[in-house]
Amino acid sequence: DRYGGRLPVLWGLGLFAGAAVVGALAPSFWMLVASRVVQGLAAGLASPAALAGAVAPFRPEQRGVALGVFGSASGVAHLIGPFAGGALTQGLGWRWNWWVLVPASLLCGAGIVRTVAPTARRLATGADPVRISSRTVGVAAACAGISFTILIGSFLLAQEYLQHHGFSPMAAAVPPTILAAVIAVVAPRAGRLTDRRGSRPVLMAAFLVLGVGLGLLALPVASLTTLWAVPAVVLVGLGLGLMFAPTSRAALNAVPESAHGRVSALLNAARLVGAAIGSALVGVAYLGGVTTGSTHRALAVAAAVSLLIGVPLSRGIDPDRRGGRPATEGAPS
């Protein structure tokens, strides 16, 4: 918010690449852990600026498309990243998980330099009176957290269950790959739909579709190791793919542009907290063993959260067709 999107992203990417080199060369476990801590700090610096910068060139009623593309990349990365990490570890060794991040960071930085103009002045001062405590921002953050609880939780649930039942790590990656493919196709289209219809109906539909897909997988008669599960997995991917654009768009449109960095940071934090909760809940679900019954119960809980919490919560989003009118610059939101 103070310096624009370009500088924080470049600072974050540079720090991230440097920490990746340290991790790749780490002579001890604790040096490896330290490199990851620094990478987390760097990502925390770059990610909110990247989200805020993605919508900067667009008017409020046109931000859905940009956020749909951004959401597609984000969702796919969260699902493909662990798969790619496993492939690198098996094929080239674990240190390549760090080495590959160096050229990736440099390429991203080069893209930022080429496409994002430098900010000529500070966008906001330390005494900026804009507040981000609006109902729409809070609801959007909560919905973002729930979506990533389910996204990461379902990924880990599938990995644990399938490998425990005889599938290789590569075969167990098939359901997450299907999810990633559906999200990649749906998210940009969800952005255009959000621009036309507003955030509230799209987000409600997303939780409804997600709940139905999870509910089908949770049925006691549902086989989780055959092609019968594929249509339900596609529905889960459809619901998750519909979510990113309306949540981000509603929150960003509810505040002036000078507060977009803070709102983006809040959304990112909510998603990361959701991912951590999802990981922890999978551990809780499998305390008694990785069984079909415990997997069905976990999926049923996720379906209930989508339908009984997600759908009603979505009604708290501003009903304006553009997902929330931008607040007046400099005034409390």
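Report on the accompanying structure.

Analysis parameters
- Residues numbered from 1 in each chain as written.
- Predicted model: local features only at pLDDT ≥ 70, side-chain atom pairs only at ≥ 80, totals over all residues.
- Heavy atoms only, no water.
- Axes fitted to C-alpha atoms, helices over the stretch in contact; angles between N-to-C directions.
- Helix = DSSP H or I, 4+ residues; strand = E, 2+ residues; numbered from the N terminus.
- Parallel < 35°, antiparallel > 145°, perpendicular 65-115°, else oblique.
- Contact = heavy atoms within 4.5 Å.
- Nonpolar A, V, L, I, M, F, W, Y, C, P; charged D, E, K, R; others polar.
- Left-handed = near helix turned anticlockwise from the far one by under 90°.
- Phe/Tyr/Trp six-rings, centres within 6.5 Å; stacked < 30°, edge-to-face > 60°.
- Buried < 20%, exposed > 50% of the residue type's maximum accessible area, 1.4 Å probe, protein only.

Thoughts on the packing of helix α6 (residues 135-164) against helix α8 (residues 174-197)
At a minimum axis distance of 9 Å, the contact between α6 and α8 shows a crossing angle of 150°. Classified by the interaxial angle, the pair formed by α6 and α8 is roughly antiparallel. Each of L151, S154, F155, Q159 and L162 in α6 lies in contact with α8, whose residues at this interface are P175, P176, L179 and I183. Considered class by class, the residues forming the contact of α6 with α8 number seven nonpolar, two polar and no charged.

Some points on the environment of A141
By the secondary structure assignment, A141 is in helix α6. The spacing of A141 and S248 is 107 residues in sequence and 8.3 Å in space, taken between C-alpha atoms. Apart from the residues lying within four places of it in its own chain, the contact partners of A141 are L266, L267 and A270.

Digging into the packing of α8 against helix α10 (residues 230-241)
Running from amino to carboxyl end, α8 crosses α10 at an angle of 40°, the nearest separation of the two axes being 7 Å. The angle between α8 and α10 places the two elements in the oblique class. Note that α8 runs across α10; the crossing there is right-handed. In contact with P175, I178, L179, V182, I183, V186, A187 and A190 of α8, α10 contributes V230, V233, V234, V236, G237, L238, L240 and G241. Looking at the contact of α8 with α10 residue by residue, the class counts come to 14 nonpolar, two polar and no charged.

Details of the packing of aromatic side chains
Taken as a whole and assessed by the stated rule, the structure comprises two aromatic pairs. When the centroid spacing of 5.2 Å and the interplanar angle of 70° are considered together, the rings of F29 and W30 count as edge-to-face. Residues F29 and W30 agree in their burial class; the two are exposed. Look at W94 and W98: their rings are 5.6 Å apart centre to centre, the planes differ by 90°, and that puts the pair in the edge-to-face class.

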